[in-house]
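# Residue-level structure breakdown
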Amino acid sequence: MKRILVAVLMIMVFSTTAGAEGMMAGPKAGFNMFKAYGDDVPDEAEWYYGGAFGAFLSFGVHEMIALQPEVVYSMKGWKVGDESLKLGYIDIPVLVKVMLPTEGALDPSIFIGPSIGFLLSAKAEDVDVKDDFKSTDFGLVVGGGIDYQLSDTGALLFDVRYSMGLTEVIDADESVAVKNHGFQFQLGYGFKF
């Protein structure tokens, strides 16, 4: 928990030093489709569906480029047969967002950035298995979205992203090639200031 607070504080400090021009912040929520990948994942592993909610802060660093740190509670996992593994993470992605030039109220964008996830819970069929998993998960996020400008003070946001885990998530004496990956669909509202 201490690492989560330090990461959030670092994002807030960095954000305030970047200047207030073109800033937007607000809540976001959506759903995830996650599955394990790697050499040690059974062939019959299936997608796990879960929710996500959190907040973001976006600030312009150039006319077409914004930096967007987020803090999101994200449900991940996978299914094998009738059994599900449910993982709960606090994800902190820091995205570089490139706005594509258009006219009108719709502003499309693409983004990429690193992400760190802090494991909060891990359950296999309601049995706590958190001790079998690593406490952090490093990854890469890529995606695209559309901001719909509602007024001078706010915008409705929609994005689709792919999240690829770069580190093995199972805590074992020997390396076990199991990583998280999945798709996320998020809707949010940005307050401009």
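Our subject is the structure listed above.
To start, this report covers the structure provided alongside it. (Residues numbered from 1 in each chain as written. Predicted model: local features only at pLDDT ≥ 70, side-chain atom pairs only at ≥ 80, totals over all residues. Heavy atoms only, no water.)

### With respect to the layout of surface pockets
To find leftover empty space, one rolls a probe the size of a water molecule over the atoms. To keep it simple, the criterion reads: Both cavities and pockets are sets of points on a 1 Å grid over the protein atoms alone; in a cavity a 1.4 Å probe fits but cannot get out, in a pocket the set is open with protein on both sides within 12 Å along at least five of seven lines, and lining residues sit with an atom within 4 Å of a point. Grid points are joined across faces, edges and corners, and a volume is the space filled by probe spheres set on the points. Working definition: helices are DSSP H or I runs of at least four residues, strands are E runs of at least two. Numbering for both runs from the N terminus.
Put simply, the largest pocket is a space of about 460 Å³. In terms of lining, the largest pocket is formed by 21 residues, of which the most central are Gly22, Gly60, His62, Glu63 and Met99. When contributions to the lining of the largest pocket are tallied by element, the ones reaching two or more residues are strand 1 (23-37), strand 3 (48-60), strand 4 (65-80) and strand 8 (136-149). Per element, the largest residue contribution to the lining of the largest pocket is 3 residues, and it comes from strand 3.

### What about a negative patch on the surface?
For clarity, the threshold we go by: Each patch is built from salt-bridge-free residues with over 30% relative accessible area, joining like charges within 9 Å and nonpolar side chains (Val, Leu, Ile, Met, Phe, Trp, Tyr) within 5 Å. Per-residue accessibility takes into account occlusion by the displayed protein chains alone, with areas from the Shrake-Rupley method and a 1.4 Å probe. Within this document, salt bridges are pairs made up of a side-chain nitrogen of Lys or Arg and a carboxyl oxygen of Asp or Glu, the two lying within 4 Å of each other. All tallies of charge rest on Lys and Arg as positive and Asp and Glu as negative; His and the ends of each chain are not included. Throughout, a charge is located at the NZ atom of Lys, the CZ atom of Arg, the CG atom of Asp or the CD atom of Glu.
A cluster of acidic residues, Asp43, Glu44, Glu46, Asp82, Glu83, Glu125 and Asp126, forms a negative patch at the surface. Looking at the element boundaries, Glu83 is found in strand 5 (residues 83-99).

### A closer look at the nonpolar core
Our working rule: Working definition of a nonpolar core: buried Ala, Val, Leu, Ile, Met, Phe, Trp, Tyr and Cys residues. They are joined through side-chain atoms within 4.5 Å. Any residue under 20% of the maximum accessible area for its type is buried, any over 50% is exposed, and the rest in between are partly exposed; the area is computed with a 1.4 Å probe on protein chains only. Contacts are assigned to residue pairs that have any heavy atoms within 4.5 Å of one another.
Trp78, Leu87 and Phe133 are the most contacted members of the largest nonpolar core, which totals 13 residues. Listing elements by their share of this core, those giving two or more residues are strand 5 and strand 6 (106-124). For this core, the leading source of residues is strand 5, giving 3 residues. Other than its neighbours up to four places away in sequence, Leu87 contacts Ser74, Met75, Lys76, Gly77, Trp78, Leu119, Ser121, Ala122, Phe133 and Asn180. Ranked by size, the runner-up nonpolar core spans 5 residues in total, among them Met23, Ala25, Leu57 and Leu67.

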